[in-house]
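This is what each chain is made of:
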Amino acid sequence: MFDDSQVLEATRLRRHFHRHPELKYEETATAQVVAERLRALGYRVTEGLAKTGVMAELDTGRDGPVIAFRADMDALPIREANTFDYRSSHDGLMHACGHDGHTASLLLAAEAIIAMKDELSGHLKLLFQPAEEGGNGAARMVEAGVLDNPRVSAIFGYHNRPGFDEGQLFVKPGPAMGGNDTYRVTIDGRSGHAAMPHLAVDPIYVGASLVQQLQGLVGRNKSPLEAGVITVAAFHAGDAANVIPGQAELVVNIRSDRPSSREALAGKLEQVVSGICAVHGASYRLEHEHQIPPLVNDAKWADRVLALAKEYGVSPDIQRLDYMPTMGAEDFSFYLQEVPGCFFFVGNGDGAYLHNEHYDFNDNILPVAGGMFVALAKGLMSRD
C-alpha cells in the first residue's frame, strides 16, 4: 500500500514526535506539524478542537458513509532512559505509550487515502486527539462536535501492543479494554490518644475495614463471567505514634469490562463506604475524580475490520481474540458510546512495555497500522 519513500517519511515524522513530546492539552507543536501536513495533502483542516485537537476532512462530493479515524497525540511525564539519537529532548517528558506512532500511522494513511479520493464516496474525518492520558480528550472532542455535521456512521482507532508479535493485527469483539473509575474517599473520625481508643473514632481502622470489604464486591457482587478489579492505590493517615488521627484518605481505582460489571463495582462503592462508616461512627466524603467507560467494540464492525484486513493483506498475522488483552483504559470508549465502530490492536513486538522509561514504538509496524486505515477506507467508502 505504501512505497519506501512514504514509509521513510512516516518514520521521520514518528521520530520527530518522539523527540518533541508534549503533555495533555499542550500538544501545540505536534498539532501544528499535523495540521500543516494534512493541509499540504489537500484536506480541509480544523484546528483548536478540545484546545489542541485537529480534524481533517475529505468530502468526496458523492453520497456514502461518514467514516472517522482517530489517533492520539499526547505524551507522558516520564524521564526517558533510552539513548538513541531521537530520544526525548524534553527532560521529564516522553512518548512512552506510542502516541507518536499512532499519529504518524494516521498521517501515513492520510497520504494514501487522498491519492485515491476519486475512487471513494462519502465523507472521511481524521481526528488527531489531545489528552488521552488522563485528560479525557476524546470526551472533549465529542463535545466539540467532531462526530456531527455530518454525523459519523462508524469510527476506528488502534493501539500498539508490546508483548504481541511485531505486526500482528488483532481485534477483540465486545469488551476489549477496561473502564477506569477513580475515587477519593475521605474518612472523618475523631482524633484521640493511642492509649484510649474508646474515646476516639479511628479512621485508620475504618479505612482498613473498607480495604477488605471492597474485595467482596469483586468476589461476591460481580459476575465471575465478567472482568473487574478494585485497587486501593493510596492510604494516608496520621504521623505520630501516640495519636489516633482524625482523618484518613484513600484513593480507590476500579476497573470494569462492561456497564454491568461497572455497576456491580463502582455502582456499589458508596453503599459500602457509607455502611462501614455508619457502623463505626465515622463520616465520609466521596469524590469521583476520573472516569473512562469500558471500551466495547461493536461485534459487526469488529468482524468487518478482520475481513478487510484479510482482504487487503494488511498483515500476515491477523487474529480474532476471545479474551480481553488488557484491563487498561482507553478514552476511545467515549466515541463508541456515541457511534458504533472498532478499536483494533497491532503487536509492537518484544521490548519494554507501555509507560516504561525504555519503551519505544516499533517503526516496522507503521505500514500495518496505516494499512488498516487505508483498507477501511477502501472497503467502506469504495464507489463500486
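On a predicted model such as this, the values are computed, not experimentally measured, just so you know. (Residues numbered from 1 in each chain as written. Predicted model: local features only at pLDDT ≥ 70, side-chain atom pairs only at ≥ 80, totals over all residues. Heavy atoms only, no water.)

Observations regarding the nonpolar core
Ranked by size, the top nonpolar core spans 68 residues in total, and within it Leu38, Tyr43, Phe69 and Ile113 carry the most contacts. Broken down by element, this core gets its largest block of residues, 11 residues, from helix H10 (residues 366-381). Setting aside chain neighbours within four positions, we find phenylalanine 69 in contact with Leu106, Ile113, Leu124, Lys125, Leu126, Leu127, Phe156, Phe373, Leu376 and Ala377. Counting residues in each nonpolar core, the second largest holds 28 residues, with Leu127, Val142, Ala176 and Phe332 among its members. (Core = buried A, V, L, I, M, F, W, Y, C linked by side-chain atoms within 4.5 Å. Buried < 20%, exposed > 50% of the residue type's maximum accessible area, 1.4 Å probe, protein only. Helix = DSSP H or I, 4+ residues; strand = E, 2+ residues; numbered from the N terminus. Contact = heavy atoms within 4.5 Å.)

What to know about the environment of histidine 18
Its place among the elements puts histidine 18 in helix H1 (residues 4-19). The class for histidine 18 is buried, based on a relative accessible area of 0%. Separated by 49 residues in the primary sequence, histidine 18 and isoleucine 67 place their C-alpha atoms 28 Å from one another. Once residues within four sequence positions are removed from consideration, histidine 18 is found in contact with Glu80, Phe84, Tyr86, Arg87, Ser88, His95, Asp100, Tyr359 and Asp360.

A few points about the pairing of strand E3 (residues 66-72)
Taking burial as the measure, the seven residues of E3 include seven buried ones, the bulk of the element. Residues Val66, Ala68, Arg70 and Asp72 point to one face of E3 and Ile67, Phe69 and Ala71 to the other, with burial holding for every one of them. Two strands pair when backbone bridges link them, and E3 and strand E4 (residues 123-129) are joined in this way by seven bridges, in the parallel orientation. By the bridge assignment, alanine 71 is partnered in E4 with phenylalanine 128. (Pairing = 2+ DSSP bridges.)

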